[in-house]
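As a plain string of letters, each chain reads:
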Amino acid sequence: MAEETSGGGSEITNGVGLSSMDSMESRWVFQNDDESEVDEDEEDRESEHRAGLDSEDEESGEQRLIRTGPRIDSFDVEALDIPGAIRNDYELQDFSVGKRIILVFQTLGVVFGDVGTSPLYTFDVMFTKAPINGNEDVLGALSLVLYTLILIPLVKYVFVVLWANDDGEGGTFALYSLICRHAKVSLLPNQLPSDARISSFRLKVPSAELERSLKIKERLENSQTLKRLLLMLVLAGTSMVIADGVVTPAMSVMSAVGGLKVGVTAIKQDEVLMISVAFLVILFSVQKYGTSKVGMAVGPALFIWFCSLGGVGIYNLVKYDSSVLRAFNPIHIYLFFKRNSTKAWSALGGCILCATGSEAMFADLCYFSVRSVQLTFMFLVLPCLLLGYLGQAAYLMDNHSGAEQVFFNCIPTGAFWPILLIANIAALISSRAMTTATFSCIKQSTVLGCFPRLKIIHTSRKFMGQIYIPVINWFLLVVCVLFVCSIASITEMGNAYGIAELGVMMMTTVLVTIVMLLIWQINIIIVLSFVVFFLGMELTFFSSVLGSVGDGSWIILVFAIIMFFIMYIWNYGSKLKYETEVKQKLSMDLMRELGSNLGTIRAPGIGLLYNELVKGIPAIFGHFLTTLPAIHSMIIFVCIKYVPVPVVPQSERFLFRRVCPKSYHIFRCIARYGYKDVRKENHQAFEQLLIESLEKFIRREAQERSLESDGDDDNDSEDDLTSTRLLIAPNGSVYSLNVPLLAEFKDKSEPISEASTSEEVKPEMPVDSTNSDPEQSLERELSFIRRAKESGVVYLLGHGDIRARKDSWFIKKLVINYFYAFLRKNCRRGIANLSVPHSHLMQVGMTYMV
């Protein structure tokens, strides 16, 4: 069987001519000279040498030749058919004018609701911390807001961060996935070289000239400390996004409903609180209707809201004081701090609220293209926001006492009630934008093994990524209501909002810096300027909000810490479980001793044994052999594996490899999914596609063996020292292989083992009658598969749990035996995505001591 070797990221595409043979030429090396290409157990090596087993996990103990460079592996021969992936990118679709207009409205309704409602509360919180003592204070606060709005949402996010998306997917975990694809930094050891050959992987190997990128990549891959630190940064950012999903609805709705106190003096804070809770219940109740439906419904309303912001701003500039335009001069920021010192520093916690929603823009990017988000922000959202803040400042220049609820105070009397209604609708929309971003981040963290599995509902049949997670939705509602009832002050909510928003902003800055160094490979001066400027600015803002953490905003910080530990414990337990399963996998010695009947009765049918191992025979299989009176005539080890790409094309979904000799009828199948892929497949369609892919693999395997055999026959007429062979790949590509005769390196009396394009060829054995006619052998095996399929397919599910050993530390026992066990018990089982009738299921439990 072919070893898991990698050709260093070289690509094989259709239409490779003979002129490209030199650059694409494969090479043969001794295994001892290229040990990094393989990674197997010594015990298995000896086992296969004795038994001659054709296995994925074993290598011959003798020195032999293996081929590196461009090659065809049995784990990815079927992937060569697809030269490119089908991207789920709006930029590649030919939309009509009507659809583009609809897309703009949906973008407004989903992406920009959060940042669009910041004028409701920004000045309110700022001037509560730093009261107005003169017009210079108004200009200074306005100048702070204008430059914060320009630098963070526009320069950092729109111009830089949005381009760090992972094939259209945004958010903290999308950045982590992007980094994992270019450096092996994942703590879960289930990566395969064949993952890099997925057409949507599009791996760009750092060039040799950029030594800095190579050194960073090597340092990240070789340091477990850096890997853990990177993961902790990602988990911290994600926990802040989830906390943001709690604070955003509370802050936006409370601020909008608070406008009633301006219009109706009889309404008090208690009534505002009750109405806000009712609005929050309505908000989370309509979340299940999906992004497309709700986005289209509220998109026009948000368009009206932005127009209202701009209109009211122009009205106030004309009516009160247009001299506030002087705030574009940054000198007023210096004068503001000079006049107010510590109060000005405290007001920074309110100033950052004007940039809230920036992270939601990035996290919700999976729903829309980068270009549509950029254009909508620059030509609609940003101008309206600037006009809105300028108008409020113009009003405050003549009304210093009107800083509380300044937005509603500056509205013209005749337009008050319509704008109040639109403001409340916009607040609900902004809350929904952050909730949608939370769903996206949780799904990404789930498929990358950092969050317990939950039920995920895909709300759109047209576009992937538009999801709804019921458990998280109602959980956020409960926490949000408790938060609103505990903290009724807008200022305290603003502090909590700033903590959550700045936490994820800082994590994003660090991750984007790594992307710049490792992937974009841009000038180091630009990278340092980016990280020093923006991280320094965000740390300054963060110091301001932390200074007020004792007022009640500590609640959201505690909530974020709890979410961080949930994700870290789940990742830690999953990693321990996987490593234990790898250590306890069955040896090939045992398989050889059991024989092709596996020491039991082989009943007609196909058994799909689900496990998490990408290599080796899982220990749970031995449990099935000892528990069941018979085992199926064909066994397929199915591993559902998520790879760090958004989408895996359906044609590249399954990878097969033969386990043990042909008479055992045991295969391994890795079903690969991206973190945006939908796994709600009908079990019958899944079975049909799997069997078709298996038959295709067997045909290709036979074809490659035939090619190898033909090549061996041709060698007899070639020169004694070298021979030139042509290899025709399944996609039609032609390769020239200059292969030294093995006689140069080995005594002819010794068994000769040669690496094949599809699998490792066993040492020469006496010719079997079953191999005398390859075509008949192929048809017999295909006929055997069809008969087994007709007899029925049974899903063999092994539930492996872990328990800490008695001699383990107390903390480890507490984490594994209680916290992780609780999460695993209450999370969604993998069986839920299969939709398999119970009559087709067999389940066996197994406990590992770690």
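Colleague: Help me understand the pattern of salt bridges, please; the structure alone is not making it clear to me.
Modeller: When the charged atoms of two side chains with opposite charge come close together, those side chains can pair. This structure, assessed with the given rule, holds 13 salt bridges. E579 is the partner of K575 in a salt bridge, and the nearest nitrogen-oxygen pair spans 2.9 Å. Here K575 and its partner E579 are both found in helix 22 (residues 554-583), 4 residues apart, which amounts to about one turn of the helix. E579 gets classed as partly exposed once you look at its relative accessible area, which sits at 25%. Note that R658 is salt-bridged to E781, the shortest N-O span being 2.8 Å. You can see R658 sitting in strand 7 (residues 654-659) and its partner E781 sitting in helix 26 (residues 774-791), a full 123 residues away along the chain. Assessed through its relative accessible area of 5%, E781 is described here as buried.

Colleague: Help me understand a nonpolar patch on the surface, please; the structure alone is not making it clear to me.
Modeller: A cluster of nonpolar residues, F810, I811, L814, Y818 and F819, forms a patch on the protein surface that exposes about 580 Å² of accessible area. Structurally, F819 is set in helix 27 (residues 810-826). Note on F819: relative accessible area 40%, which makes it partly exposed.

Colleague: Help me understand the packing of helix 9 (residues 224-257) against helix 11 (residues 269-285), please; the structure alone is not making it clear to me.
Modeller: Relative placement of two packed helices is described by the angle separating their axes and the distance separating the axes. Orientation of helix 9 relative to helix 11, taken along the N-to-C sense of each, is 130 degrees, at an axis distance of 9 Å. Considered as vectors, helix 9 and helix 11 are oriented oblique to each other. Relative to helix 11, the crossing made by helix 9 is right-handed. On the side of helix 9, the interface is formed by P249, A250, V253, M254 and V257, while helix 11 contributes Q269, V272, L273, I275, S276, F279, L280, L283 and F284. Residues belonging to the contact of helix 9 with helix 11 are distributed by class as follows: 12 nonpolar, 2 polar and no charged.

Colleague: I keep staring at the side chain of D166 and nothing clicks. Help me out?
Modeller: Within the secondary structure, D166 sits in the loop between helix 6 (135-158) and helix 7 (172-182). A distance of 3.1 Å separates a polar atom in the side chain of D166 from a polar atom in the side chain of S177. Of note is the side chain of D166, whose polar atom sits 2.8 Å from the side chain of R181. The contact partners of D166, leaving out residues within four places of it in the chain, are A174, S177, L178, R181, P644, P646 and Y675.

Colleague: Please explain the confidence of the model for the chain as it appears in this structure.
Modeller: Per-residue confidence for the chain averages 76 on the pLDDT scale, and 73% of its residues sit at or above 70. When mean pLDDT is compared element by element in the chain, helix 6 scores highest at 94, while helix 1 (residues 21-24) scores lowest at 34. Confidence drops under pLDDT 50 across residues 1-94; counting only partners more than four residues distant or on other chains, this segment forms 260 contacts. Note that pLDDT drops below 50 for residues 714-771; the model gives that stretch 132 contacts with residues more than four away or on any other chain.

Colleague: Looking at this structure, I do not really get the sheet that holds strand 5 (residues 601-611). What am I missing?
Modeller: Think of a sheet as strands paired side by side through backbone hydrogen bonds, with each pair either parallel or antiparallel. The strand order 7-8-6-5-11-12 describes an open sheet built from 6 strands, whose pairing is mixed. What marks the edges here is a single partner per strand, and that holds for strand 7 and strand 12 (841-849). In this sheet, neighbouring strand axes are inclined to one another by 25 degrees on average, regardless of whether the strands run parallel or antiparallel. In the sheet, strand 5 pairs with strand 6 (residues 630-642) via 9 bridges, with the strands oriented parallel. What sits directly across from A603, in strand 6, is H632.

Colleague: Can you help me understand the pairing of strand 7 in this one?
Modeller: As a general feature of sheets, a regular strand has side chains that alternate between the two faces. Counting buried positions over the 6 residues of strand 7 gives 6, a clear majority of the element. Side chains of strand 7 alternate between two faces, with F654, F656 and R658 and L655, R657 and V659 buried alike. As paired elements, strand 7 and strand 8 (residues 666-673) share 6 bridges and run antiparallel to each other. Opposite R658, over in strand 8, you have F667 as the bridge partner. Where strand 7 hands over to strand 8, the hairpin turn is made up of 6 residues, of which C660 adopts a positive phi near 70 degrees.

Colleague: Is there a simple way to think about the packing of aromatic side chains in this case?
Modeller: Two aromatic rings, taken as a pair, are described by how far apart their centres are and by the angle between their planes. Taken as a whole and assessed by the stated rule, the structure comprises 23 aromatic pairs. Seen in terms of ring centroids, F530 and F534 are 5.2 Å apart; in terms of plane orientation they differ by 50 degrees. Their pairing is tilted. Highlighted residues: F530 and F534, both in helix 21 (residues 524-546), separated by 4 residues, approximately one helical turn. Looking at F534, the relative accessible area reads 5%, which means it is buried. When the ring of Y642 is compared with that of Y673, the centres are 6.1 Å apart and the planes differ by 45 degrees; the resulting orientation is tilted. One end of the pair, Y642, is in strand 6; the other, Y673, is in strand 8, and 31 residues separate them in sequence. Residue Y642 is classed as partly exposed on the basis of its relative accessible area, which comes to 23%. Residue class for Y673 comes out buried when judged on its relative accessible area of 0%. Aromatic ring contacts, followed pair by pair, group W305, F407, F408, F416 and W417 into a single cluster. Above the plane of the ring of Y673 lies R653, whose end atom (NZ or CZ) is 4.3 Å from the centre.

About the thresholds
Residues numbered from 1 in each chain as written. Predicted model: local features only at pLDDT ≥ 70, side-chain atom pairs only at ≥ 80, totals over all residues. Heavy atoms only, no water. Salt bridge = Lys/Arg side-chain N within 4 Å of Asp/Glu carboxyl O. Helix = DSSP H or I, 4+ residues; strand = E, 2+ residues; numbered from the N terminus. Buried < 20%, exposed > 50% of the residue type's maximum accessible area, 1.4 Å probe, protein only. Patch = residues over 30% accessible without salt bridge, like charges linked within 9 Å, V, L, I, M, F, W, Y side chains within 5 Å. Areas by Shrake-Rupley, 256 points an atom, 1.4 Å probe, with all protein chains shown as cover. Axes fitted to C-alpha atoms, helices over the stretch in contact; angles between N-to-C directions. Parallel < 35°, antiparallel > 145°, perpendicular 65-115°, else oblique. Left-handed = near helix turned anticlockwise from the far one by under 90°. Contact = heavy atoms within 4.5 Å. Nonpolar A, V, L, I, M, F, W, Y, C, P; charged D, E, K, R; others polar. Polar contact = N/O pair within 3.5 Å; in protein donor to acceptor, adjacent residues only side chain to side chain. pLDDT = per-residue confidence, 0-100. Pairing = 2+ DSSP bridges. Phe/Tyr/Trp six-rings, centres within 6.5 Å; stacked < 30°, edge-to-face > 60°. Lys NZ or Arg CZ within 6 Å of the ring centre and 35° of its normal.

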